[in-house]
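# Geometric and topological summary
Spelled out from the first residue to the last, the chains are:
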Amino acid sequence: GQNIDQPTEMTATEGAIVQINCTYQTSGFNGLFWYQQHAGEAPTFLSYNVLDGLEEKGRFSSFLSRSKGYSYLLLKELQMKDSASYLCAVSQSRDDKIIFGKGTRLHILP
Amino acid sequence: EAGVVQSPRYKIIEKKQPVAFWCNPISGHNTLYWYLQNLGQGPELLIRYENEEAVDDSQLPKDRFSAERLKGVDSTLKIQPAELGDSAVYLCASSSRTGSDEQFFGPGTRLTVL
(Lines give C-alpha, C1' and ligand atoms only; values in the text may rest on other atoms or scores of the structure.)
Protein backbone atom coordinates (compact mmCIF):
# COMPACT_ATOMS: atom_id res chain seq x y z
CA GLY A 1 0.00 0.00 0.00
CA GLN A 2 0.94 3.64 0.01
CA ASN A 3 1.39 5.74 3.11
CA ILE A 4 3.06 9.01 3.99
CA ASP A 5 3.49 10.01 7.64
CA GLN A 6 4.49 13.36 9.06
CA PRO A 7 3.76 15.02 12.41
CA THR A 8 0.50 16.91 12.58
CA GLU A 9 1.83 19.99 14.37
CA MET A 10 5.12 21.44 15.57
CA THR A 11 6.07 24.58 17.44
CA ALA A 12 9.39 26.41 17.31
CA THR A 13 10.84 29.77 18.30
CA GLU A 14 11.82 32.60 16.00
CA GLY A 15 15.50 32.36 15.10
CA ALA A 16 15.75 28.68 15.97
CA ILE A 17 16.07 25.56 13.80
CA VAL A 18 13.31 23.00 13.22
CA GLN A 19 13.32 19.62 11.49
CA ILE A 20 10.12 18.21 10.00
CA ASN A 21 10.26 14.47 9.35
CA CYS A 22 8.45 12.44 6.71
CA THR A 23 8.37 8.66 6.29
CA TYR A 24 6.83 6.97 3.29
CA GLN A 25 5.81 3.64 1.85
CA THR A 26 4.90 3.75 -1.83
CA SER A 27 4.74 1.54 -4.91
CA GLY A 28 8.13 2.44 -6.28
CA PHE A 29 9.86 5.77 -5.85
CA ASN A 30 10.45 8.54 -8.32
CA GLY A 31 11.32 11.43 -6.02
CA LEU A 32 10.11 13.35 -2.98
CA PHE A 33 8.79 16.90 -2.84
CA TRP A 34 8.32 19.39 -0.05
CA TYR A 35 5.72 22.13 -0.42
CA GLN A 36 4.86 25.07 1.82
CA GLN A 37 1.25 26.14 2.25
CA HIS A 38 0.19 29.25 4.13
CA ALA A 39 -3.33 29.26 5.52
CA GLY A 40 -5.88 29.93 2.81
CA GLU A 41 -3.29 29.83 0.05
CA ALA A 42 -2.08 27.32 -2.53
CA PRO A 43 0.94 25.07 -1.91
CA THR A 44 4.24 26.36 -3.27
CA PHE A 45 7.24 24.23 -4.19
CA LEU A 46 10.22 24.13 -1.82
CA SER A 47 12.40 21.18 -2.84
CA TYR A 48 12.73 17.93 -4.77
CA ASN A 49 15.00 15.02 -3.80
CA VAL A 50 15.52 11.94 -5.91
CA LEU A 51 19.01 10.89 -4.74
CA ASP A 52 20.13 10.23 -1.17
CA GLY A 53 21.64 13.12 0.69
CA LEU A 54 21.12 16.70 1.65
CA GLU A 55 19.99 19.46 -0.69
CA GLU A 56 20.50 22.96 0.64
CA LYS A 57 18.62 26.00 -0.59
CA GLY A 58 19.13 29.09 1.53
CA ARG A 59 17.53 28.68 4.95
CA PHE A 60 15.79 25.48 3.85
CA SER A 61 17.42 22.07 3.39
CA SER A 62 15.89 18.72 2.51
CA PHE A 63 17.34 15.29 3.18
CA LEU A 64 16.46 11.92 1.67
CA SER A 65 17.28 8.33 2.55
CA ARG A 66 15.63 6.00 0.03
CA SER A 67 16.64 2.83 1.86
CA LYS A 68 14.90 4.05 5.01
CA GLY A 69 11.91 5.64 3.25
CA TYR A 70 12.69 8.82 5.14
CA SER A 71 13.07 12.52 4.47
CA TYR A 72 13.29 15.65 6.51
CA LEU A 73 12.94 19.34 5.87
CA LEU A 74 15.26 21.55 7.91
CA LEU A 75 14.39 25.20 8.43
CA LYS A 76 17.08 27.47 9.89
CA GLU A 77 16.90 30.98 11.33
CA LEU A 78 13.15 30.69 11.63
CA GLN A 79 11.07 33.73 10.82
CA MET A 80 7.45 34.46 11.70
CA LYS A 81 6.53 34.13 8.03
CA ASP A 82 7.60 30.47 8.16
CA SER A 83 4.40 29.73 10.08
CA ALA A 84 2.63 27.48 7.58
CA SER A 85 1.85 23.88 6.75
CA TYR A 86 4.62 21.82 5.19
CA LEU A 87 3.54 19.04 2.85
CA CYS A 88 5.64 16.00 2.03
CA ALA A 89 4.74 14.41 -1.33
CA VAL A 90 6.13 11.30 -3.01
CA SER A 91 6.10 10.46 -6.70
CA GLN A 92 5.40 6.77 -7.28
CA SER A 93 7.32 5.18 -10.12
CA ARG A 94 4.65 2.53 -10.65
CA ASP A 95 2.08 4.99 -11.99
CA ASP A 96 3.69 8.45 -11.78
CA LYS A 97 1.13 9.32 -9.13
CA ILE A 98 2.16 11.99 -6.61
CA ILE A 99 0.83 11.29 -3.15
CA PHE A 100 0.68 14.00 -0.52
CA GLY A 101 0.99 13.60 3.21
CA LYS A 102 -1.47 15.36 5.49
CA GLY A 103 0.97 18.16 6.20
CA THR A 104 2.73 19.45 9.29
CA ARG A 105 1.40 22.69 10.71
CA LEU A 106 4.37 24.72 12.01
CA HIS A 107 3.78 27.46 14.57
CA ILE A 108 6.54 30.01 15.15
CA LEU A 109 6.61 31.78 18.51
CA PRO A 110 8.28 35.18 18.97
CA GLU B 1 4.46 34.71 -16.71
CA ALA B 2 0.91 34.10 -15.48
CA GLY B 3 0.40 31.33 -12.97
CA VAL B 4 -2.38 28.79 -12.82
CA VAL B 5 -5.72 30.56 -12.95
CA GLN B 6 -8.84 29.20 -11.32
CA SER B 7 -12.36 30.48 -11.09
CA PRO B 8 -14.46 31.07 -9.19
CA ARG B 9 -12.47 31.60 -5.99
CA TYR B 10 -15.48 30.95 -3.79
CA LYS B 11 -18.76 29.20 -4.42
CA ILE B 12 -21.72 28.63 -2.12
CA ILE B 13 -24.51 26.34 -3.29
CA GLU B 14 -27.28 24.28 -1.84
CA LYS B 15 -27.04 20.52 -1.85
CA LYS B 16 -28.26 18.75 -4.96
CA GLN B 17 -27.29 21.74 -7.12
CA PRO B 18 -24.67 21.45 -9.85
CA VAL B 19 -21.37 23.35 -9.74
CA ALA B 20 -18.46 23.78 -12.11
CA PHE B 21 -14.87 24.90 -11.62
CA TRP B 22 -12.55 26.18 -14.31
CA CYS B 23 -8.77 26.03 -14.55
CA ASN B 24 -6.27 27.53 -16.97
CA PRO B 25 -2.81 26.00 -16.49
CA ILE B 26 0.56 27.59 -17.13
CA SER B 27 1.19 27.89 -20.83
CA GLY B 28 3.06 24.88 -22.20
CA HIS B 29 2.34 22.62 -19.23
CA ASN B 30 1.10 19.29 -20.52
CA THR B 31 0.12 17.79 -17.18
CA LEU B 32 -2.89 19.09 -15.29
CA TYR B 33 -4.15 17.92 -11.91
CA TRP B 34 -7.35 18.44 -9.96
CA TYR B 35 -7.09 17.98 -6.20
CA LEU B 36 -9.52 18.13 -3.34
CA GLN B 37 -8.22 19.50 -0.04
CA ASN B 38 -10.09 19.35 3.24
CA LEU B 39 -9.13 21.54 6.18
CA GLY B 40 -6.02 20.25 7.90
CA GLN B 41 -5.36 17.63 5.24
CA GLY B 42 -3.07 17.32 2.28
CA PRO B 43 -4.32 17.55 -1.31
CA GLU B 44 -5.97 14.38 -2.62
CA LEU B 45 -5.76 13.71 -6.33
CA LEU B 46 -9.06 13.55 -8.21
CA ILE B 47 -7.83 13.37 -11.78
CA ARG B 48 -4.63 13.83 -13.78
CA TYR B 49 -4.44 14.78 -17.45
CA GLU B 50 -1.59 14.36 -19.89
CA ASN B 51 -2.60 16.79 -22.63
CA GLU B 52 -6.27 15.98 -23.25
CA GLU B 53 -6.10 12.42 -21.96
CA ALA B 54 -7.23 11.54 -18.44
CA VAL B 55 -4.44 9.14 -17.39
CA ASP B 56 -5.48 8.72 -13.76
CA ASP B 57 -9.07 9.20 -12.64
CA SER B 58 -9.16 6.32 -10.18
CA GLN B 59 -10.00 8.65 -7.28
CA LEU B 60 -12.74 10.57 -9.09
CA PRO B 61 -16.26 9.72 -7.80
CA LYS B 62 -17.67 9.19 -11.24
CA ASP B 63 -21.27 8.98 -10.17
CA ARG B 64 -21.32 12.72 -9.50
CA PHE B 65 -17.99 14.17 -10.64
CA SER B 66 -16.88 14.73 -14.20
CA ALA B 67 -13.99 16.56 -15.81
CA GLU B 68 -12.80 17.49 -19.22
CA ARG B 69 -9.76 19.07 -20.80
CA LEU B 70 -10.67 19.93 -24.34
CA LYS B 71 -7.76 20.78 -26.63
CA GLY B 72 -5.35 19.90 -23.85
CA VAL B 73 -5.33 23.37 -22.27
CA ASP B 74 -8.17 24.59 -20.03
CA SER B 75 -10.04 22.18 -17.84
CA THR B 76 -13.37 22.10 -16.06
CA LEU B 77 -14.42 19.99 -13.10
CA LYS B 78 -18.12 19.48 -12.47
CA ILE B 79 -20.12 18.11 -9.59
CA GLN B 80 -23.73 17.15 -10.15
CA PRO B 81 -25.47 16.89 -7.78
CA ALA B 82 -23.39 18.35 -4.96
CA GLU B 83 -23.55 16.84 -1.48
CA LEU B 84 -22.75 18.35 1.91
CA GLY B 85 -19.54 16.33 2.09
CA ASP B 86 -18.23 17.96 -1.08
CA SER B 87 -17.47 21.17 0.82
CA ALA B 88 -13.70 21.61 0.41
CA VAL B 89 -11.08 23.51 -1.53
CA TYR B 90 -10.61 22.31 -5.11
CA LEU B 91 -7.08 22.91 -6.32
CA CYS B 92 -5.85 22.82 -9.88
CA ALA B 93 -2.15 22.35 -10.59
CA SER B 94 0.01 21.96 -13.66
CA SER B 95 3.51 20.78 -14.45
CA SER B 96 5.73 20.41 -17.50
CA ARG B 97 5.88 16.67 -17.09
CA THR B 98 4.38 14.18 -14.75
CA GLY B 99 6.22 12.46 -11.92
CA SER B 100 9.40 14.40 -11.33
CA ASP B 101 8.52 18.00 -12.06
CA GLU B 102 7.30 20.49 -9.49
CA GLN B 103 3.65 21.33 -9.63
CA PHE B 104 2.38 24.88 -9.79
CA PHE B 105 -0.90 25.31 -7.96
CA GLY B 106 -3.73 27.71 -8.59
CA PRO B 107 -5.36 29.61 -5.73
CA GLY B 108 -8.16 27.06 -5.48
CA THR B 109 -11.93 27.26 -5.34
CA ARG B 110 -13.46 27.08 -1.88
CA LEU B 111 -16.79 25.27 -2.21
CA THR B 112 -19.42 25.42 0.51
CA VAL B 113 -22.45 23.17 0.14
CA LEU B 114 -25.40 24.10 2.38
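Check the entry above for the structure.
Residues numbered from 1 in each chain as written. Chains lettered and ligands numbered in written order. Predicted model: local features only at pLDDT ≥ 70, side-chain atom pairs only at ≥ 80, totals over all residues. Heavy atoms only, no water.

### Observations concerning the nonpolar core
Where we set the bar: The set of buried Ala, Val, Leu, Ile, Met, Phe, Trp, Tyr and Cys residues whose side-chain atoms join them within 4.5 Å is what this entry labels a nonpolar core. The cut-offs for exposure are 20% and 50% of the maximum accessible area for each residue type, with area from a 1.4 Å probe on protein chains only; residues under the lower value are buried, those over the upper are exposed, and the others partly exposed. Helix and strand assignments follow DSSP, with helices taken as H or I runs no shorter than four residues and strands as E runs no shorter than two, numbered in order from the N terminus.
Counting 22 residues, the largest nonpolar core has Phe-21, Trp-34, Leu-46, Leu-77, Ile-79, Tyr-90 and Leu-111 of chain B as its most contacted members. Elements represented by at least two residues in this core include exactly strand E3 (19–24), strand E4 (31–37), strand E5 (44–50), strand E8 (75–79), strand E9 (88–95) and strand E11 (109–113) of chain B. One finds Ile-4, Leu-32, Trp-34 and Val-90 of chain A within the second-largest nonpolar core, a separate group that totals 21 residues.

### Side note on the sheet that holds strand E8 (residues 70–75) of chain A
Residues and elements named next belong to chain A. To be explicit about the condition: At least two DSSP bridges between two strands are needed for those strands to be called paired. Note on method: axes are straight lines fitted to C-alpha atoms, helices fitted across the in-contact stretch only, with angles between N-to-C directions ranging 0 to 180 degrees.
One open sheet accounts for five strands, arranged E1-E3-E8-E7-E6; its pairing is antiparallel. Looking at strand neighbours, the two that pair on one side only are strand E1 (3–5) and strand E6 (53–57), the edges of this open sheet. With direction set aside, neighbouring strand axes in the sheet form an average angle of 15 degrees. Pairing of strand E7 (residues 60–65) with E8 involves six bridges; the strand directions are antiparallel. For Ser-62, the partnering residue across the bridge sits in E8 and is Leu-73.

### Quick word on the packing of aromatic side chains
As a reminder of what qualifies: Centre distance within 6.5 Å is the pairing criterion for rings of Phe, Tyr and Trp, where only the six-membered ring of Trp is used; planes under 30 degrees apart are then read as stacked, over 60 as edge-to-face, and the remainder as tilted.
For the structure on display, the rule yields 15 aromatic pairs over all chains. With a centroid separation of 5.7 Å and 85 degrees between ring planes, the pair formed by Tyr-35 of chain A and Phe-105 of chain B is classed as edge-to-face. One end of the pair, Tyr-35 of chain A, is in strand E4 (residues 32–37); the other, Phe-105 of chain B, is in strand E10 (residues 104–105), on a second chain. By the burial criterion, Tyr-35 of chain A is buried, and Phe-105 of chain B matches it. Both rings, one in Tyr-33 of chain B and one in Tyr-35 of chain B, keep their centres 5.9 Å apart while their planes meet at 20 degrees; by these two values the pair is stacked. Of the aromatic side chains, those joined through ring pairs into one cluster are Phe-33, Tyr-35, Phe-45, Tyr-48 and Phe-100 of chain A together with Tyr-33, Tyr-35 and Phe-105 of chain B.

### A few points about the pairing of E3 of chain B
Residue and element names in this part refer to chain B. Burial along E3 is one-sided: Val-19, Phe-21 and Cys-23 are buried, and none of Ala-20, Trp-22 and Asn-24, which face the opposite way, are. Bridge count for strand E1 (residues 5–7) against E3 is three bridges, and the pairing is antiparallel. The residue of E3 that forms the bridge with Val-5 is Asn-24. Looking at chain direction, E3 and E8 are connected through five bridges and run antiparallel. The residue bridging Val-19 from the neighbouring strand is Ile-79, located in E8.

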